[in-house]
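Chain by chain, the residues run as shown.
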Amino acid sequence: MQKDTGSGDVSPSHVGRVRHRRRPNETATDGNRANGTVLLVSDQNKYKSMLIRTYSSLWMIGGFVFVVYMGHLYIWAMVVVIQIFMATELFNLLRRSSEEKQLPGFRLLNWHFFFTAMLFTYGRFLSRELVNTVTSDHLLYKLVSGLIKYQMFICYFLYIAGFVWFILTLKKKTYNYQFKQYAWTHMILLTVFAQSSFTVANIFEGMFWFLLPASLIVINDIAAYLFGFFLGRTPLIKLSPKKTWEGFIGASVTTIISAFLLANVMGHFQWLTCPRKDLSTGWLTCDPGSMFKPEHYFLGDWVPQWFPWKEVFLLPVQWHALALGLFASIIAPFGGFFASGFKRAFKIKVRTASLFFSLYRNTEVWRLYTVSL
């Protein structure tokens, strides 16, 4: 008997030719591609993403402003908390549960090195502030002074103890894993503390030198997103497909102008410009340095006759801010590209690491200032 194959068999040439009804958002996207103009604003899903980012940004900025209001010590505590959460994620990045079961207490060794590095870094940068805080108590002053005097020796001893601890935990079948973890731990510590130590130094030299670069990074990121959202057409870098030249250029101009204006506003608040010489949280007053004293500039023939202002008063630090804004708008975005490449390399979404890379870019901006002096 012959089987009726007229309706049951399908020709190979027709396999996969299943027609689907085109969705409205797909039609719009294809239309944009056909015209050669792919705008993020044309994607309806982006409006939802923009709303979520707006809410989260407002909450983060509000929390950050509150921490700044509380003072230098609280900002330092915020940096430390970010470091701890970030180190937790990075330590777990290359962790293998099968090997960890054979190495009880090995994870504790990572935190031993972490807090040793913290003691070494902050002990060097905050020794003066710590001594000035306990001057009223003679016994405590002598104890703290002695600890600071032998701080390098204590840190060296703790590191050697960790090294010996590591050697004693080596097991035959996990040599390769343990040495990889040892190297990964040191790389994390170098990346975390080498950069954040400069951030903490900024804070106690005057919150202005921390807040201005941090604000420029935030402004640059927001402006790049908005310009790219509404005007983005030309891809900037393959590592981040959503980054566009329009967003990059628009954010650069916005950041430089904002740097010049913000420096004038922040420079008039002693709470931001005065250095903190101890670890207290009281209000600060000081004699502002020469960079924060207004200087008179006569415009004269530089402006047309109808221009209402013939003379202006500017702070010298505003010219430094232009250099900071230029650096933040051109170089700092590459910190974001580095974070994107890092997350793609390990195929994860690291949350607190992204915060650290923001601190990293903030530190790089501050370094330009130290070089300019």
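Residues numbered from 1 in each chain as written. Predicted model: local features only at pLDDT ≥ 70, side-chain atom pairs only at ≥ 80, totals over all residues. Heavy atoms only, no water.

**A closer look at the overall build of the protein chain**
Next up, step 1: The number of helices and strands found in the protein chain is 15 helices and four strands.
Next up, step 2: Scored against the burial criterion, the 373 residues of the protein chain give a buried share of 37%.
Next up, step 3: Here the analysis covers contacts within the protein chain between residues at least 6 apart in sequence; of these, 73% occur between residues at least 24 apart. (Helix = DSSP H or I, 4+ residues; strand = E, 2+ residues; numbered from the N terminus. Buried < 20%, exposed > 50% of the residue type's maximum accessible area, 1.4 Å probe, protein only. Contact = heavy atoms within 4.5 Å.)

**Quick look at the nonpolar core**
Next up, step 1: In terms of nonpolar packing, the biggest core is built from 56 residues, with Tyr122, Phe193, Phe208, Leu212, Leu272 and Val317 touching the most fellow members.
Next up, step 2: Elements supplying a minimum of two residues to this core: α2 (45-70), α3 (72-93), α5 (106-125), α9 (175-205), α10 (208-231), α11 (245-266), α12 (270-273) and α13 (317-330).
Next up, step 3: Counting residues per element, this core draws most heavily on α9, at ten residues.
Next up, step 4: Counting contributing residues, this core receives three or more from each of domain 1 (70-205) and domain 2 (207-372).
Next up, step 5: Once you skip the residues sitting within four places of it in the chain, Phe208 turns out to touch Pro213, Ala263, Met266, Gly267, Leu272, Thr273, Phe292 and Val317. (Core = buried A, V, L, I, M, F, W, Y, C linked by side-chain atoms within 4.5 Å. Domains from an automatic or database assignment.)

**Comments concerning the confidence of the model for the protein chain**
Next up, step 1: With 81% of its residues at a pLDDT of at least 70, the protein chain reaches an overall mean of 79.
Next up, step 2: Below a pLDDT of 50 lies the segment residues 363-373, which in the model reaches 26 contacts outside its immediate sequence neighbourhood of four places, other chains included. (pLDDT = per-residue confidence, 0-100.)

**Observations concerning the environment of Val134**
Next up, step 1: Checked against the element boundaries, Val134 lands in the loop between α6 (127-133) and α7 (138-149).
Next up, step 2: Judged by its relative accessible area of 11%, Val134 falls in the buried class.
Next up, step 3: Spatially, the C-alpha atoms of Val134 and Val144 are 8.0 Å apart, while their sequence positions differ by ten residues.
Next up, step 4: Excluding its chain neighbours within four sequence positions, the residues that come into contact with Val134 are Leu140, Tyr141 and Val144.

**Examining the state of the cysteines**
Next up, step 1: Here the structure, examined in full by the defined rule, presents one disulfide.
Next up, step 2: Put simply, Cys274 and Cys286 are joined by a disulfide, and their sulfur atoms are 1.9 Å apart. Classification of the bridge connecting Cys274 and Cys286 rests on its S-S torsion, roughly -90°, and on that basis the disulfide is left-handed. Here Cys274 is found in the loop between α12 and β3 (295-298), whereas its partner Cys286 is found in the loop between α12 and β3, with twelve residues between them in sequence.
Next up, step 3: Cys274 gets classed as buried once you look at its relative accessible area, which sits at 1%. (Disulfide = S-S within 2.5 Å.)

**Quick word on the packing of aromatic side chains**
Next up, step 1: Considering all chains together, one arrives at 23 aromatic pairs under this definition.
Next up, step 2: Ring geometry for Trp245 and Phe248: centres 5.8 Å apart, planes at 85°, overall edge-to-face. With Trp245 and Phe248 both in helix α11 and three residues apart, this pair spans about one turn of that helix.
Next up, step 3: The class for Phe248 is buried, based on a relative accessible area of 19%.
Next up, step 4: Summarising the aromatic geometry, the rings of Tyr297 and Trp319 are spaced 6.0 Å apart at their centres and angled 75° between planes, so their arrangement reads as edge-to-face. (Phe/Tyr/Trp six-rings, centres within 6.5 Å; stacked < 30°, edge-to-face > 60°.)

**A few points about the pattern of salt bridges**
Next up, step 1: With the rule as written, the count across this model stands at two salt bridges.
Next up, step 2: A salt bridge links Arg128 to Glu129; the nearest nitrogen and oxygen atoms lie 3.0 Å apart.
Next up, step 3: On the accessibility criterion, Glu129 (2% relative accessible area) is buried.
Next up, step 4: Across the salt bridge formed by Asp278 and Arg276, the nearest N and O atoms sit 3.6 Å from each other.
Next up, step 5: Overall, the relative accessible area of 4% leaves Arg276 in the buried class. (Salt bridge = Lys/Arg side-chain N within 4 Å of Asp/Glu carboxyl O.)

**Notes on the packing of α3 against α5**
Next up, step 1: Two numbers describe how α3 lies on α5: the axes approach to 12 Å, and their chain directions differ by 150°. Classified by the interaxial angle, the pair formed by α3 and α5 is roughly antiparallel. Read as a crossing pair, α3 and α5 show a hand that is right-handed. Every residue of α5 that contacts α3 at Trp76, Val79, Val80, Gln83, Ile84, Ala87, Thr88 and Phe91 is listed here: Arg107, Asn110, Trp111, Phe114, Met118 and Tyr122.
Next up, step 2: Within the contact of α3 with α5, the residues separate by chemical class into ten nonpolar, three polar and one charged. (Axes fitted to C-alpha atoms, helices over the stretch in contact; angles between N-to-C directions. Parallel < 35°, antiparallel > 145°, perpendicular 65-115°, else oblique. Left-handed = near helix turned anticlockwise from the far one by under 90°. Nonpolar A, V, L, I, M, F, W, Y, C, P; charged D, E, K, R; others polar.)

**Looking at a positive patch on the surface**
Next up, step 1: A surface patch of like charges, here positive, comprises Arg53, Lys242, Lys243 and Arg344.
Next up, step 2: By the element assignment, Arg344 lies in helix α14 (residues 333-346). (Patch = residues over 30% accessible without salt bridge, like charges linked within 9 Å, V, L, I, M, F, W, Y side chains within 5 Å. Areas by Shrake-Rupley, 256 points an atom, 1.4 Å probe, with all protein chains shown as cover. Lys, Arg positive; Asp, Glu negative; His and termini not counted. Charge placed at Lys NZ, Arg CZ, Asp CG, Glu CD.)

**Focus: a nonpolar patch on the surface**
Next up, step 1: Taken together, the side chains of Ile61, Val65, Val218, Ile222, Leu226, Phe227, Phe230 and Leu231 make up a nonpolar region of the molecular surface, amounting to roughly 640 Å² of accessible area.
Next up, step 2: Of all elements in the fold, only α2 and α10 reach the threshold of two or more residues within the nonpolar patch.
Next up, step 3: If one sorts the elements of the nonpolar patch by residue count, α10 sits on top with six residues.
Next up, step 4: Among the residues examined, Phe230 registers a relative accessible area of 42% and is labelled partly exposed.

**A word on the packing of α11 against α13**
Next up, step 1: At a closest axis distance of 8 Å, the pairing of α11 and α13 adopts a crossing angle of 155°. Judged on the interaxial angle alone, α13 and α11 are roughly antiparallel. Here α11 runs over α13; the crossing is right-handed. Residues Phe248, Ser252, Thr255, Ile256, Ala259, Phe260, Ala263 and Asn264 of α11 lie in contact with α13, whose contacting residues are Val317, Gln318, Trp319, Ala321, Leu322, Gly325, Leu326, Ala328, Ser329 and Ile330.

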